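This is what each chain is made of:
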Amino acid sequence: MTVNIYDDINKLESTFRSTEEFSKLKQAVEAVSADSESSQLFKNFRDLQITLQQKQAQGEEITEEEMVSAQATAQAAQADPKILAMLEAEMGLSQIIDEVNRVLIKPVQSLYESM
């Protein structure tokens with residue numbers, strides 16, 4: 001019997017979209033998107049994060065000026081109630097993703113534990 005894991009993954013994705021946590025994040029993203037100031041602030045925050053992560057991945061040093069700018073941008077983003085609500089909703093959803101990852105990795109862990 002052939003197992004098609006992708007059917008199960010697609011079903012899981014559908015279930016994932018039906019969770020309360022996903023719904024909260026979707027609403028929070030819509031609220032940020034509807035507010036031009038919040039949306040631009042979050043875009044700046046996200047773009048800066050991506051830029052700094054790329055620099056680190058390439059082994060480039062992040063300057064003190066970039067760190068100060070990143071901290072200021074992060075503080076401004078977290079001070080925005082809509083962005084804060086979105087980040088909190090994302091954290092709730094991340095907990096589900098972490099649990100799914102733990103369940104999926106169990107068979108591999110058990111293989112190594114039997115050695």
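Here the structure is a predicted model, which means the values were calculated and not measured. (Residues numbered from 1 in each chain as written. Predicted model: local features only at pLDDT ≥ 70, side-chain atom pairs only at ≥ 80, totals over all residues. Heavy atoms only, no water.)

Q: Break down the overall build of the protein chain for me, citing the residues and quoting the values.
A: In terms of helices and strands, the protein chain carries five helices and zero strands. Relative to the 2.2 N^0.38 estimate, which gives 13 Å for 115 residues, the radius of gyration of the protein chain is 19 Å and therefore markedly larger than a compact globule would have. Principal-axis analysis of the C-alpha atoms gives the protein chain an extent of 55 × 35 × 20 Å. Looking at the protein chain residue by residue over its 115 residues, the buried ones come to 18%. In the protein chain, once contacts between residues fewer than 6 apart in sequence are set aside, the share between residues at least 24 apart is 70%. Accessible surface computed for the protein chain: about 9100 Å², of which carbon and sulfur atoms make up 54%. Where the 10 positive side-chain charges of the protein chain centre and where its 20 negative ones centre are 6 Å apart. (Helix = DSSP H or I, 4+ residues; strand = E, 2+ residues; numbered from the N terminus. Rg over C-alpha atoms; globule rule 2.2 N^0.38 Å. Buried < 20%, exposed > 50% of the residue type's maximum accessible area, 1.4 Å probe, protein only. Contact = heavy atoms within 4.5 Å. Areas by Shrake-Rupley, 256 points an atom, 1.4 Å probe, with all protein chains shown as cover. Lys, Arg positive; Asp, Glu negative; His and termini not counted. Charge placed at Lys NZ, Arg CZ, Asp CG, Glu CD.)

Q: Please set out the packing of aromatic side chains residue by residue, giving values where relevant.
A: Evaluated as defined, the whole model comprises two aromatic pairs. Measuring from ring centre to ring centre gives 5.9 Å for F16 and F22, while their planes differ by 55 degrees; the resulting arrangement is tilted. Residue F16 is classed as partly exposed on the basis of its relative accessible area, which comes to 22%. Relative to F45, the ring of F42 has its centre 6.1 Å away and its plane inclined at 50 degrees; by these criteria the two rings are tilted. Of this pair, F42 and F45 both sit in helix α3 (residues 36-57), three residues apart, which is roughly one turn of that helix. Residue class for F42 comes out buried when judged on its relative accessible area of 17%. (Phe/Tyr/Trp six-rings, centres within 6.5 Å; stacked < 30°, edge-to-face > 60°.)

Q: Lay out the layout of surface pockets in plain terms, naming residues and giving numbers.
A: If you add up the space inside the largest pocket, you get close to 170 Å³. Taken together, the elements giving at least two residues each to the lining of the largest pocket come down to α1 (5-17) and α5 (81-113). With four residues, α1 is the largest single contributor of residues to the lining of the largest pocket. Classifying every residue of the lining of the largest pocket by side-chain character gives six nonpolar, no polar and one charged. (1 Å grid on protein atoms, 1.4 Å probe; cavity = no way out; pocket = protein on both sides within 12 Å on 5 of 7 lines; lining within 4 Å. Points joined across faces, edges and corners; volume = space filled by probe spheres on them. Nonpolar A, V, L, I, M, F, W, Y, C, P; charged D, E, K, R; others polar.)

Q: Explain the confidence of the model for the protein chain to me, and be specific about the residues and the numbers.
A: Caution applies to low-pLDDT regions: their predicted coordinates should not be interpreted in detail. Across the protein chain, the average pLDDT comes to 94, with 99% of residues at 70 or higher. Confidence, read as mean pLDDT per element, is least for helix α4 (residues 64-79) in the protein chain (92) and greatest for helix α2 (residues 20-34) (97). (pLDDT = per-residue confidence, 0-100.)

Q: So what's going on with the side chain of T19? Which residues, and what values?
A: Among the secondary structure elements, T19 is positioned in the loop between α1 and α2. Among the polar contacts listed, one links the side chain of T19 to the backbone nitrogen of F22, at a separation of 3.1 Å. Ignoring any residue separated from it by four or fewer positions in sequence, one finds T19 in contact with L93 and I96. (Polar contact = N/O pair within 3.5 Å; in protein donor to acceptor, adjacent residues only side chain to side chain.)

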